[in-house]
Amino acid sequence: MIPLFAQYPSLKEKIPYVSLGELPTPIEHLSKLGMEIGVDHLYLKHDGLSGSLYGGNKIRKLEFILADALQKRAKEVLTFGFAGSNHALATAVYAYKMKLKCLSMLLAQPNAQYVRRNLQYSHVCGAELHHYKNELAMYMPTLVRLFGRFLRHGKFPYIILPGGSSPIGAVGYVNAGFELKEQIERGLLPEPDQVFVPLGTMGTAVGLLIGLRAAGLKTHVVSVRVVDDKFGNKEKFIKLFRKTLALIRSLDPSFPHVKIADDEVDIIHNFFGEQYARFTDQGMAAVNLVAKSEKIRLDGTYTGKAMAALIDRVRNHGLINEVILFWNTYNARDFSDTIKDVDYHQLPGCFHRYFEEDVQPLDKHHWSKVKSRFSQVK
Ligand SMILES: *Cc1c(COP(=O)(O)O)cnc(C)c1O
């Protein structure tokens, strides 16, 4: 049973949940990287291994979201993201597994190799992919599509918010906080002083903060913003925190009424760079350092930027004696076999540009060379 339900059995009766993942995810002591950057107690939480078909942070959210969709007898889900969205892909993969049709409304983004791979994998999973140049252009077609589906099937698709960051999705990371507590109790790591996580649509950081506090841990959550600040900011963080907590407490009033002080919303802003999914020199330096020292693959859009912020804080704020946990939110499963026969011409024409145009300059070909120790697992 998942740790949240073990602690609060009545939530088990009230919150729909479907197991999609491979939990708990492993903890690893990064001694070589720690030595490199000057911190003894550096650990990594392998949420890249959270699912066998596809890992990363979206799986924990989808366990609650897709369960909710199924309970509401949905046949289709509709979600949003950028073209290379890990969330849209995770939704496509696990919706397919649950026999739900997936519609993805995707926005233009800077090109990268992972964009190609993610689109191909979504396509293999039968997702219906649509591309728009910006949010404004997406609005009407989305409404039209929703009503079209309603007319055809007598039912609207179940809508999944960008990044899966609804209160229901965030519950997946509340559970992750309890999972970490169990791993501390089992002696896999000391209680971290700080945990670093990338901040996108915020469900991960918000859920984790609620879970850690409710589990009685004092660990400080450091969120590294990697999206435009109109999506990731303190006001929205606090709003999602309140809504998620209110949802859980409405189902089980014995769940602690955890509070956050103002300084507990610690968002680092200056590793974002110019644009969402635009890789940065610092971010890629962090990706390369982690690949070299620990053979772990980070990415340029999220985890590289978060790791760059961690390294910066360690170097400039003397965190040498602290226990630091890096929460790896990026998929670690290799799906290159699954997509090897996908010709991009099978995808809708608006996506061909990602295969025909160059990738951004910082997206070097280091991928193929770095063989993650976990990538063999299928
Ligand atoms: C989506 C994503 C995030 C951001 O998580 P949010 O819950 O949206 O803040 C971080 N890392 C990776 C690899 C992601 O795909």
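One can find the structure itself at the top, above this paragraph.
Since we're looking at a predicted model, the values are computed, not measured.

Colleague: Any chance you could break down the packing of aromatic side chains for me, citing the residues and the numbers?
Modeller: Two numbers describe a pair of aromatic rings. These are the distance of the centres and the angle of the planes. Tallied over the full model, the rule gives 16 aromatic pairs. Each ring, one from Phe 5 and one from Tyr 17, has its centre 5.7 Å from the other, and the planes form 85°; the classification is edge-to-face. Pair noted here: Phe 5 is in helix H1 (residues 3–7) and Tyr 17 is in the loop between helix H2 (9–14) and strand S1 (27–29), with a separation of 12 residues, a long-range link. Pairing Tyr 17 with Phe 64 gives two aromatic rings, centres 5.1 Å apart and planes at 55°, and the pair type is tilted. In this pair, Tyr 17 sits in the loop between H2 and S1 while Phe 64 sits in helix H4 (residues 58–71), placing the two residues 47 residues apart along the sequence. Aromatic rings pair up to connect Phe 5, Tyr 17 and Phe 64 into one cluster.

Colleague: Lay out helix H11 (residues 281–294) with the relevant residues and their values.
Modeller: The end-to-end C-alpha separation of H11 is 20 Å, in line with the 20 Å expected for 14 residues at 1.5 Å each. What H11 keeps buried is the set Gly 283, Met 284, Ala 286, Val 287, Leu 289, Val 290, Ala 291, Ser 293 and Glu 294.

Colleague: Could you give me a rundown of the pairing of strand S2 (residues 41–46), with the residues and numbers involved?
Modeller: Across a regular strand the side chains alternate sides, sitting on one face of the sheet and then on the other. Within S2, 5 of the 6 residues are buried, leaving the element largely enclosed by the surrounding structure. As defined by bridge partners, S2 adjoins strand S10 (residues 323–328) across 6 bridges and the pair is classed as parallel. Note on S10: the bridge partner recorded for His 46 is Asn 328.

Colleague: Summarise the packing of H4 against helix H8 (residues 167–185); cite the residues concerned and give the values.
Modeller: Packing of H4 against H8 brings their axes to within 7 Å, and their N-to-C directions diverge by 135°. When the axes of H4 and H8 are compared, the pair comes out oblique. H8 is crossed by H4, and the crossing has right-handed handedness. Along its contact with H4, which presents Arg 60, Lys 61, Phe 64, Ile 65 and Asp 68, the element H8 presents Ile 168, Gly 169, Val 171, Gly 172, Tyr 173, Asn 175, Ala 176 and Glu 179. Looking at the contact of H4 with H8 residue by residue, the classes come out as 6 nonpolar, 3 polar and 4 charged.

Colleague: Residues and numbers for the site of the ligand, please.
Modeller: Surveying the vicinity of the ligand reveals 15 residues, the closest of which are Lys 58, Lys 61, Thr 201, Thr 204 and Thr 329. Gly 203 places a polar main-chain atom, nitrogen or oxygen, 3.3 Å from an oxygen atom of the ligand. Between the ligand and Thr 329, the relevant distance is 2.6 Å, taken from a nitrogen atom to a side-chain nitrogen or oxygen of the residue. In isolation the ligand exposes 380 Å². Once the protein is present, 98% of that is buried. If you list the elements that add at least two residues to the shell around the ligand, you get H4, strand S7 (194–199) and helix H9 (203–214). Broken down by class, the residue content of the shell around the ligand amounts to 5 nonpolar, 8 polar and 2 charged.

Rules of the game
Residues numbered from 1 in each chain as written. Predicted model: local features only at pLDDT ≥ 70, side-chain atom pairs only at ≥ 80, totals over all residues. Heavy atoms only, no water. Phe/Tyr/Trp six-rings, centres within 6.5 Å; stacked < 30°, edge-to-face > 60°. Helix = DSSP H or I, 4+ residues; strand = E, 2+ residues; numbered from the N terminus. Expected span 1.5 Å × (residues − 1). Buried < 20%, exposed > 50% of the residue type's maximum accessible area, 1.4 Å probe, protein only. Pairing = 2+ DSSP bridges. Axes fitted to C-alpha atoms, helices over the stretch in contact; angles between N-to-C directions. Parallel < 35°, antiparallel > 145°, perpendicular 65-115°, else oblique. Left-handed = near helix turned anticlockwise from the far one by under 90°. Contact = heavy atoms within 4.5 Å. Nonpolar A, V, L, I, M, F, W, Y, C, P; charged D, E, K, R; others polar. Near = heavy atom within 4 Å. Polar contact = N/O pair within 3.5 Å; in protein donor to acceptor, adjacent residues only side chain to side chain. Areas by Shrake-Rupley, 256 points an atom, 1.4 Å probe, with all protein chains shown as cover.

Keep in mind these numbers describe shape, not what the thing actually does.
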